[in-house]
Amino acid sequence: MSRVWDIPVHDSTRVRDVRVAAEAACAVAGLGAHRAAAAALVATELATNLLKHAGGGRVVINLVGESGAATPVTGALGATEDAGATEDAGAAAASEASAPYEASALSGCSDRRVQIVSVDHGPGIDDVAAAMRDGYTTADSSLGAGLGACLRVSDDFDLHSRRGRGTVAVARIGPVPAAQHGAPRGRAAGPRVGGINLSLARAEHSGDAFGWTRSGPLLTLLLADGLGHGVRAAQASSAAVDELRRLVALPPTDILRRLDARLRKTRGAAVAVAQLDADAGQLRFAGVGNVGGRLRTAAGWQPLVSHPGIVGAHFPATVPLQQVPWTAESLLVLHSDGLPGRWTPPDDPGLLAHDPAVVAAVALRDASSAASPLRDDTCVAVLCPDRRTDPHDRLP
């Protein structure tokens, strides 16, 4: 399981709350004082921008694995505890401290990064290129650092803004600055994965989780929605993500069958598995339960539908396998049922070149509003080719 810090930013007192949350996340991730200071700077700048330029918004902070094309990430942000969850809270906390899923469930890597996502429904940024210049700021109460400094001190930083729709920014800060990783900043080849995971009522644990891993030309992405809410739901979804590392070479339908056996000791979960064969240019999808997907193709958005059932409780006798071509224009969105049933995929072609976590956050933002808030734990994961063109869309 992982942690979430979800902070609404609608007055100046919340800027401090965002900074404190970023520092707390760095402590959980085991980052040193220098990197924690960098995260605090980024969080403060993004929160200040929400107030000064967007009339408010929200900042979501979660822990992710080391960024890069070959490194998996799992996410589980918040959830309310349901009946019976409280009695497991102590054991779950101990389990989280001794074996955190989000850092090493798939990669075996101890590096954890703090992902800071800023989301608003504001007027948007007129000149993104100017706003990204180091030291540029129009906010009187800003640190004077600007988005350019966020770019400079973050391992990854990306921003998407559209007039009249709002702005989404994503920053990730790890234990060592990207420039010290032993190689200059550059573009990681191959498809990328990223996402965002929110909870009902901004609670601590989420019943949703996602993760991915690679085996040769295969990239396998999994999204799980634990039955119900709270710690027990989070245990089920996290168990599915953890098991994926042992099943990566199997096709999606076989992965689901193995997961059914693994999740029998949990309350069960809805699970979707998408597997990209880069050499064959094919995407395979199979799902059980109320986890869905949308695939962008040259002809438009195609739904990917899961089969009724519950992995770990009521597994169906047969699970259909969908196979579709994967091209340079493809983009996959997996999501739990926290998104409205008739949510509309992003319609901005320029968005598709951005960090997949940005795409996921935009999809989630546009599917909700103050008048129509999310009514469940909500996880969105995105798989896309590497289409980056702007200098601020980069990985270490």
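Note that the structure is a prediction, hence the values are computed from the model and not measured. (Residues numbered from 1 in each chain as written. Predicted model: local features only at pLDDT ≥ 70, side-chain atom pairs only at ≥ 80, totals over all residues. Heavy atoms only, no water.)

(A) Region of the structure containing the overall build of the protein chain. Scanning the protein chain from terminus to terminus reveals nine helices and 15 strands. Going through the 396 residues of the protein chain one by one, you find that 60% of them count as buried. Pairs at least 24 apart in sequence give 75% of the contacts found in the protein chain among residues at least 6 apart. (Helix = DSSP H or I, 4+ residues; strand = E, 2+ residues; numbered from the N terminus. Buried < 20%, exposed > 50% of the residue type's maximum accessible area, 1.4 Å probe, protein only. Contact = heavy atoms within 4.5 Å.)

(B) Representation of the packing of helix 1 (residues 13-29) against helix 2 (residues 33-54) in the model. In the contact formed by helix 1 and helix 2, the axes pass within 8 Å of each other and the chain directions differ by 150°. The angle between the axes of helix 1 and helix 2 places the two elements in the roughly antiparallel class. Crossing of helix 1 over helix 2 shows right-handed handedness. Residues V15, V18, R19, A22, E23 and C26 of helix 1 pack against R35, A36, A39, A40, A43, T44, A47, T48 and L51 of helix 2. Looking at the contact of helix 1 with helix 2 residue by residue, the classes come out as ten nonpolar, two polar and three charged. (Axes fitted to C-alpha atoms, helices over the stretch in contact; angles between N-to-C directions. Parallel < 35°, antiparallel > 145°, perpendicular 65-115°, else oblique. Left-handed = near helix turned anticlockwise from the far one by under 90°. Nonpolar A, V, L, I, M, F, W, Y, C, P; charged D, E, K, R; others polar.)

(C) Main features of the side chain of H160. By the element assignment, H160 lies in strand 4 (residues 156-162). By relative accessible area, H160 is classed as buried at 5%. Among the polar contacts made by the side chain of H160, one reaches the side chain of D348 at a distance of 2.8 Å. When neighbours within four sequence positions are excluded, H160 is seen to be in contact with G166, T167, V168, D348, L351, H354, V358 and V362. (Polar contact = N/O pair within 3.5 Å; in protein donor to acceptor, adjacent residues only side chain to side chain.)

(D) The arrangement of the pairing of strand 3 (residues 112-119) in detail. Counting buried positions over the eight residues of strand 3 gives eight, a clear majority of the element. Side chains R112, V114, I116 and S118 project from strand 3 onto one buried face, and the interleaved R113, Q115, V117 and V119 project onto a second face that is buried too. Where strand 2 (residues 57-65) meets strand 3, eight bridges bridge the pair, whose relative direction is antiparallel. Looking across to strand 3, one finds that V60 is bridged to V117. (Pairing = 2+ DSSP bridges.)

(E) Structural view of helix 7 (residues 230-244). Counted at 1.5 Å a residue, the expected span for helix 7 with its 15 residues is 21 Å, and the 22 Å between its end C-alpha atoms agrees. With 13 of 15 residues buried, helix 7 lies mostly within the body of the structure. (Expected span 1.5 Å × (residues − 1).)

(F) View of the nonpolar core. Of all hydrophobic cores here, the largest spans 35 residues; its most connected members are V42, I61, V114, I116 and F157. Of all elements in the fold, only strand 1 (4-9), helix 1, helix 2, strand 2, strand 3, helix 6 (146-153), strand 4 and strand 5 (166-173) reach the threshold of two or more residues within this core. Sorting elements by how many residues they give to this core places helix 2 first, with eight residues. In this structure, I196, L198, A367 and V382 belong to the second largest nonpolar core, which totals 27 residues. (Core = buried A, V, L, I, M, F, W, Y, C linked by side-chain atoms within 4.5 Å.)

(G) Up close: the sheet that holds strand 5. Taken together, five strands build an open sheet; the order of strands is 1-2-3-5-4 and the sheet is antiparallel. A single partner strand is all that each edge strand has here, and the edge strands are strand 1 and strand 4. Each neighbouring strand pair of the sheet contributes to a mean axis angle of 10°, computed without reference to strand direction. Here strand 4 runs beside strand 5; their pairing, made up of seven bridges, is antiparallel. Considered in strand 5, the bridge of R162 is made with G166. Helix 1 contacts strand 1, strand 2 and strand 3 of the sheet and is inclined by roughly 170° relative to strand 1. Along the sheet face, helix 9 (residues 356-366) touches strand 3, strand 4 and strand 5 and points at about 140° away from the line of strand 5.

(H) Layout of helix 8 (residues 252-262). Along helix 8, the positions that sit buried rather than exposed are P252, T253, I255, L256, L259 and D260. Taken end-on, helix 8 shows its buried residues confined to a sector of 155°, consistent with a single buried face. Elements in contact with the buried residues of helix 8: strand 8 (218-226), helix 7, strand 9 (269-277) and strand 10 (282-288). (Arc of directions from axis to C-beta.)

(I) View of unusual backbone geometry. At A201, a position not held by glycine, the phi torsion is positive, near 60°. Locating A201 in the fold gives a position in the loop between strand 6 (192-198) and strand 7 (208-215). Given the relative accessible area of 63%, A201 is considered exposed. Phi at R202 is positive, roughly 55°, even though this residue is not glycine. Considering the arrangement of structural elements, one finds R202 in the loop between strand 6 and strand 7. Taking the relative accessible area as the measure of exposure, R202 reaches 42% and is therefore partly exposed.

(J) Structural detail: the pairing of strand 2. For strand 2, a buried count of nine out of nine residues is recorded, marking the element as mostly surrounded by other parts of the structure. Covered by surrounding structure in strand 2 are G57, V59, I61, L63 and G65 together with R58, V60, N62 and V64, the residues of both alternating faces. As defined by bridge partners, strand 1 adjoins strand 2 across six bridges and the pair is classed as antiparallel. Across the sheet, residue V9 finds its bridge partner in strand 2, namely G57.

Interpretation in functional terms is not warranted from these geometric data alone.
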